[in-house]
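Structure at a glance
Given next are the chains, with one letter for each unit.
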Amino acid sequence: MDIKEPKTYDEQLDILISRGCEISERNAAVNMLKRTNYYRLSAYFLPFKLQDGTYQSGTSLENVYGIYEFDKKLTVLLCGLIEEIEVFIKCQIAYYHSIKYGALGYLNEENFLPSKIEKHRELMTIFQKEVANNKDTPCVKHHMLKYDGKFPFWAAVELFTLGNISQFYSQMTAADKKSVCIEISEMTGYTYTFAQMESLLFCLTHLRNKCAHFSRLYYYKFGTIPKFPAYVSENISVNSQNLHIYQYLYVLKLLTPVSERWTSFITELEALIDTYSEKIKLHHIGFPSNWKQELLSSFD
């Protein structure tokens, strides 16, 4: 199949109009397309798309653009909380591992699952590449000059991505994973098995990567079901058909170290939803009508 030819902004608008999209002011619509890639924006038409490729009656570019703006702001809101959780998780794992195995114990393959040795070697190779890529940062310069390139784990972990620390946790022994779970539980107030923690970190990484690239969250279904503790799964329905951002918010709830921070996040989320209440539909992001009560309530 031949690759599609590029379209001018006016041609892009004509395509939208031919599919049934309402456009009230053409110049304003062109400016919307200039600010946002047509291909990116087109994904937000999915909730309104019919089987023949046209859009539901009443679908307007202005409304779809409003949904896009909501999605951007939701992403920014999530990024703030995910960053805090990432720092918290790194701190817990680095502290535990360093106290038990020493400053450079993270380099010793004997401290990890035998079945994960190759994966651990790959992770350490990635870490060394990060050191090279960040050679001009003060932390890296300091350890290269003063310690001959040896980084204690509490310093090395600052060069780990969330995905790296998730992988590191999966490579730890079962006993170490259990101990880290206990440490994290003391801060969050929630208990987990190490298998559940591994799943939560994996799903958190997926969510973080989507947010980091400003990928669409609205009307998006995640592909991996988190292994929630029973006290969560008994209170909310989680399956492959309803795995939206709402269900993934419970990953954040379980890993937020300070309850007041979770409350403030919900307050900000409520304000955002209220602002765009005339543009969005809560069921498109998996939210029930009593979502605030559910997200703030304690598990029975």
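Quick summary incoming for the structure in this document. Once a new chain begins, its residue numbering starts again from 1 and follows that chain's sequence as written. Note on the predicted model: pLDDT of at least 70 is required for a residue's local features to be given, and 80 or more for side-chain atom pairs to be given and counted; whole-chain, interface and lining totals, by contrast, use all residues. Side-chain figures throughout are based on the complete set of non-hydrogen atoms in the structure, without hydrogens or water.

1. Examining the layout of surface pockets
We place a 1 Å grid over just the protein atoms. Points where a 1.4 Å probe fits but has no way out form a cavity, open points with protein on both sides within 12 Å along at least 5 of 7 lines form a pocket, and any residue with an atom within 4 Å of a point lines it. Grid points are joined across faces, edges and corners, and a volume is the space filled by probe spheres set on the points. Taken as a whole, the largest pocket spans an internal volume of roughly 430 Å³. If you go around the largest pocket, you meet 16 residues; those closest to its centre are Lys 4, Arg 19, Tyr 38, Tyr 39 and Ser 42. Runs of H or I in DSSP of at least four residues are treated as helices and runs of E of at least two as strands, each being numbered from the N terminus. At the level of secondary structure, the elements contributing two or more residues to the lining of the largest pocket comprise helix 1 (9–18) and helix 3 (38–42). Ranked by the residues each element gives to the lining of the largest pocket, the list is headed by helix 3, at three residues. Polar here means any residue outside two lists: the nonpolar Ala, Val, Leu, Ile, Met, Phe, Trp, Tyr, Cys and Pro, and the charged Asp, Glu, Lys and Arg; Gly therefore counts as polar. Split into classes, the residues belonging to the lining of the largest pocket amount to eight nonpolar, three polar and five charged.

2. Notes on empty space enclosed by the protein
All told, the structure shown has one cavity of 30 Å³ or more when counted by the stated rule. Space inside the largest cavity adds up to approximately 40 Å³. Lining the largest cavity, in full, are Arg 40, Tyr 44, Tyr 68, Asp 71, Lys 72, Thr 75, Phe 214 and Ser 215. With four residues, helix 4 (residues 61–101) is the largest single contributor of residues to the lining of the largest cavity.

3. Some words on helix 9 (residues 174–188)
For helix 9, with 15 residues, the first-to-last C-alpha span of 21 Å sits near the 21 Å given by 1.5 Å per residue. When we look at burial in helix 9, the residues that qualify are Asp 176, Lys 177, Val 180, Cys 181, Ile 184, Ser 185 and Thr 188. Any two residues whose heavy atoms approach within 4.5 Å are treated as being in contact. Tucked into the core, helix 9 has its buried residues touching helix 4, helix 8 (162–171), helix 10 (194–212) and helix 12 (245–255). One or two residues past the end of helix 9 sits Gly 189, with phi positive at roughly 90 degrees. By this rule, a helix spans an expected 1.5 Å times one less than how many residues it contains. A 1.4 Å probe rolled over the protein chains alone gives each residue an accessible area, and that area as a share of the maximum for its type sets the label: buried under 20%, exposed over 50%, partly exposed in between.

4. Quick look at the pattern of salt bridges
Take a side-chain nitrogen of Lys or Arg and a carboxyl oxygen of Asp or Glu: if they are within 4 Å of each other, that pair is a salt bridge. All chains considered together, the criterion is met by eleven salt bridges. Between Glu 84 and Arg 261 there is a salt bridge, with its nearest N and O atoms 2.8 Å apart. On the criterion of sequence distance, the pair formed by Glu 84 in helix 4 and Arg 261 in helix 13 (residues 259–275) is long-range, its members being 177 residues apart. Given the relative accessible area of 19%, Arg 261 is considered buried.

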